[in-house]
Amino acid sequence: MNRKIRHGKACFRKALPVMAAANFFLFFLPALLFAQSGRGVQNPDNAAETKGPALDREPGRLDTEPAWRQALGGAVTGLPTVQARSVVVILDGGNIKAYSTGGRPLWNYAARGKLSPFVTRSPEGTSYISQTNGNFFAVNRAGREIWRLRLDNPLSGQVICGWDGRIFVPTGKKISCYTASGHLLWERSFDEQIDISPALEQSGGIILSLEKDELLRISPFGTVRRFALPSPPQSLTSLRGAEGARKVLVLYKNGNAEFVDYRSMKTAAELAEEAGEARPAEPEQNLVFRLPAPPLAAAGRGSAAAVTLNDGRVALISGQDGSLLWSGDSHIRIAGRSAGAEDRAAMIYDERGIYVLSKSGATGFTEDGRRLWFTLLNNAAYAPAFGDDGMLYSGGADWILYAYKLEDRARQQDFSLYGPAPEGSYGTGAPPPSSWADYYFRFDETELNTRLDIISRAIYSGAVGPDELEYTAYLMETAEGEYNRPQASQTHPPVQVAHRLRALRLLGLIGSRETIPYLAKVFSGDRESLIKAAAAEAIGNIGCDPEGLALQAFGNAVFPPGTVRDEQVLTAIASAAGALCRFSGPPLSDRGVRLLNLLAGENQPPIVQRRARREIGTLKF
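Bear in mind the structure is a predicted one, so any value in this text is a computation, not a measurement. (Residues numbered from 1 in each chain as written. Predicted model: local features only at pLDDT ≥ 70, side-chain atom pairs only at ≥ 80, totals over all residues. Heavy atoms only, no water.)

Right, let's talk about the overall build of the protein chain for a bit. Within the protein chain, the regular secondary structure consists of twelve helices and 32 strands. Of all 621 residues assigned to the protein chain, the portion counted as buried reaches 52%. In the protein chain, the share of contacts with a sequence separation of at least 24, taken over all contacts with a separation of at least 6, comes to 53%. When the accessible surface of the protein chain is summed, it comes to about 27800 Å², and 52% of that surface belongs to carbon and sulfur atoms. (Helix = DSSP H or I, 4+ residues; strand = E, 2+ residues; numbered from the N terminus. Buried < 20%, exposed > 50% of the residue type's maximum accessible area, 1.4 Å probe, protein only. Contact = heavy atoms within 4.5 Å. Areas by Shrake-Rupley, 256 points an atom, 1.4 Å probe, with all protein chains shown as cover.)

Set out below in C-alpha cells:
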C-alpha cells in the first residue's frame, strides 16, 4: 500500500512541470490569438504592418512546372486575354495568336501592321483589336475577321464589352459605342485626352477619367455625367453602397481615396444650370480617406474593393466607410520588390477570391484574406492572365507562352449558348411603351413615315444615344403590327407591310441582342412571309443568338413538321444562320450547320441552295 502511495506521489511530482506548462499556455492563449488575428494593428498608415487573417499563415510558394508551353515567334506586347476556353496574345510582328487552354494552337491572325497593345474578347470569343494607324478589327473565335472600321485614332485603352453585345471604344479624346456588328450607336468627344482606360461599372455603363482630372460616368446610351477631381487618379472602381446606392471609388496616386456618389455627378446641362444660379448649390461632401500606401491597381465586387498597394500588399476596403478589412503580402512584397518597382498590375475579384497579377508573378487570396498561393515569374514580358479554370498564362521575354496550373477551382458562371451570360440587362428587349403608343393616329402613313425617317437618320448617322429605348419601343410597336390582327378594332388604320419591314430592319441595325427573343417571336408568329424574312434578316444583322432562340425558331420552320416553303424566307434563314455561326466562330451546338446542310439539299429551291452553300463555305477554316 505504501509503495503504491509513494508511486502515486512520484507520478504527481513528474506531472507538475507539464501542468505548469499547460497553464502557462492557456494563460497566454488569448494574447496569442489577439496578436494573430491582427486586431492589435491600429495604424494602417504604417507600411510595415498588415491586418487581418493574412498574418495567420504562410502558404508556400508554388514552383510548378508549366502545364504546357508554345513558341510564339515574337514578343508579347500586351496582357494575354482568356475567354471562350482559349487564350489570345498580341505580338510585336503585328499578329494575334490563339491557343486552347490545353495548349493546342488554334489560329494566327495577321493584321499586316503594328497593333496597339490592347485586345478585348467578348463572351462569345470575338477579339477586338486595333492597328496603330486606326484600323479597328473584329476577329471571331476561329480567327476570321468579320468586320473592320477606320477610327480617327488607335485605341487608347481597353475596349469594354457591354451587357447586350455593344462595345465602348476609347480613342484619344473620344468614346464611341458600336453594336457587336460594327454599327455606330453614339460617340462622345472631350476637350482632354482619356487618362484612365474605361471600366465597366455596375449599372452597365462605363467610368473613366480625363487628363484634366475629371471623372466621367457614361451610361450605355451615351449620357455623360461629370465630377471634378482634386488630382490625377491612379484607379477607378465601381461599387454598391448602402441600400443599393452606387458610387465610384477613386484611388489617387498620393494614397488618398474618395467615394464619389453617383448623385454627385452632373450632366453638362445640370452644371450649366447650377453655374447660372445666383447661389450655386453646395457640392456634396464625399467621404475621403487614406490608404496604407499609394495604390497600384484595384478591382471591385459588390460593396468592397480589393487594392494592390505599391509596397506589394493587397488590401480589402469596405465600400461603406472606407475601413481596412484586411491586408496581406502579395508576391511583389514577398520577392522584396521595392516600393513602386511594378509599373503596372492587374487584379481579378470574383466569387473565387482576389488575384493580383504583375510581371513578377501572381498571388491568390480568398475573400476573407487567406493567401491561397503565390508564384514568381522571372522572364515575363508583360503581366500574365489568369483564367476561369485556374490556369495562369504568361508571355515570356524568350518569345514563349507559358501556362501554369495554379488552382483546381473553376469559376462558376451562368452560361448562354455561346458564352457567359451577361451580368444585367439594358431593357432593350422589353422597353417601356414609346411616347407615341397611345396616340390615335400614330399608325397613319404620314406619321409613320415621319417617325421612321427620324429614327433612320439617327441610326445611319450614329446618333441613337439616349433615345435608344424610345426608338426601340416605337420600332417594336410598329413591326408587331398589333392593329393588323383580326381581333383588332377596324377603326384604326392597319400598319402596312412596308412600314413593318422598315421597322424590323432598323431594329437589326440598332443591334441589341436583347431584342433577339422579340424578333424570334415575330418570325415564328407572323403569317406574312415578307415579315418572317425581315425578322430573320434583323437577327442576322445583330449577329448573336445567346440563348439559341433564333436558331430554334429557324429549325422549327424548316425541319419536319415545319411548313415554311417560301424561297425568300428560306434564303433569309440561310443568311441569318450563317451570320450567327460566323460571328461566334464554330457554334457550340450543331444547330446552325445542320440547318444550313438541310437548306443546301437538292430538294430545296436553287436560290436557297446557293445561299446555304455560300454560307457553309464561309464556315470552312
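Here the narrative resumes, following the displayed structure.
With 13 residues, helix 5 (residues 468-480) ought to run about 18 Å at 1.5 Å a step, and its terminal C-alpha atoms sit 18 Å apart, in line with that. Most of helix 5 is tucked away: ten of the 13 residues are buried. If you check which residues of helix 5 are buried, you get E468, Y471, T472, A473, Y474, L475, M476, E477, T478 and A479. On its buried side, helix 5 packs onto strand 13 (184-189), helix 4 (445-460), helix 6 (497-510) and helix 7 (516-525). G481 lies just past helix 5 and shows a positive phi near 60 degrees. (Expected span 1.5 Å × (residues − 1).)

Our next topic: a nonpolar patch on the surface. A surface patch of nonpolar side chains, about 310 Å² in accessible area, is lined by Y439, Y440 and F441. On the secondary structure map, F441 appears in the loop between strand 32 (400-405) and helix 4. On the basis of relative accessible area, F441 is assigned to the partly exposed category, the value being 46%. (Patch = residues over 30% accessible without salt bridge, like charges linked within 9 Å, V, L, I, M, F, W, Y side chains within 5 Å. Salt bridge = Lys/Arg side-chain N within 4 Å of Asp/Glu carboxyl O.)

Strand order in the open sheet formed by four strands is 14-15-16-17, and the pairing between neighbours is antiparallel. In this open sheet, the two edge strands, each paired with only one partner strand, are strand 14 (194-200) and strand 17 (224-228). The sheet shows a mean angle of 20 degrees between the axes of neighbouring strands, taken without regard to direction. Bridge count for strand 16 (residues 214-218) against strand 17 is five bridges, and the pairing is antiparallel. When the bridges of strand 17 are listed, E214 appears paired with A228. (Pairing = 2+ DSSP bridges. Axes fitted to C-alpha atoms, helices over the stretch in contact; angles between N-to-C directions.)

Attention now goes to the packing of aromatic side chains. The description of two aromatic rings rests on the distance between their centres and on the angle between their planes. Following the criterion strictly, the structure yields 19 aromatic pairs and no others. Measuring from ring centre to ring centre gives 6.1 Å for Y128 and W147, while their planes differ by 45 degrees; the resulting arrangement is tilted. Here Y128 is found in strand 7 (residues 127-130), whereas its partner W147 is found in strand 9 (residues 145-150), with 19 residues between them in sequence. The exposure class assigned to W147 is buried, which follows from its relative accessible area of 12%. Ring plane angle 85 degrees and centroid distance 4.8 Å describe the contact between Y440 and F441, whose orientation is recorded as edge-to-face. A relative accessible area of 40% means that Y440 is categorised as partly exposed. In textbook terms, an aromatic cluster arises when at least three aromatic residues are bridged by ring pairs, as seen for W436, Y439, Y440 and F441. (Phe/Tyr/Trp six-rings, centres within 6.5 Å; stacked < 30°, edge-to-face > 60°.)

What follows is about the environment of G353. Relative to the assigned elements, G353 resides in strand 27 (residues 353-358). Note: C-alpha distance between G353 and G369 (16 residues apart in sequence) is 8.8 Å. When neighbours within four sequence positions are excluded, G353 is seen to be in contact with I348, F365, T366 and E367.

Moving on, we get to the confidence of the model for the protein chain. Looking at the protein chain as a whole, the pLDDT averages 84, with 83% of positions reaching at least 70. Low confidence marks residues 52-57, where pLDDT is under 50. Its contacts with residues over four positions away, or in another chain, come to 21 contacts. Note that residues 483-489 has pLDDT below 50 and, in this model, eleven contacts with residues that lie over four places away or in other chains. (pLDDT = per-residue confidence, 0-100.)

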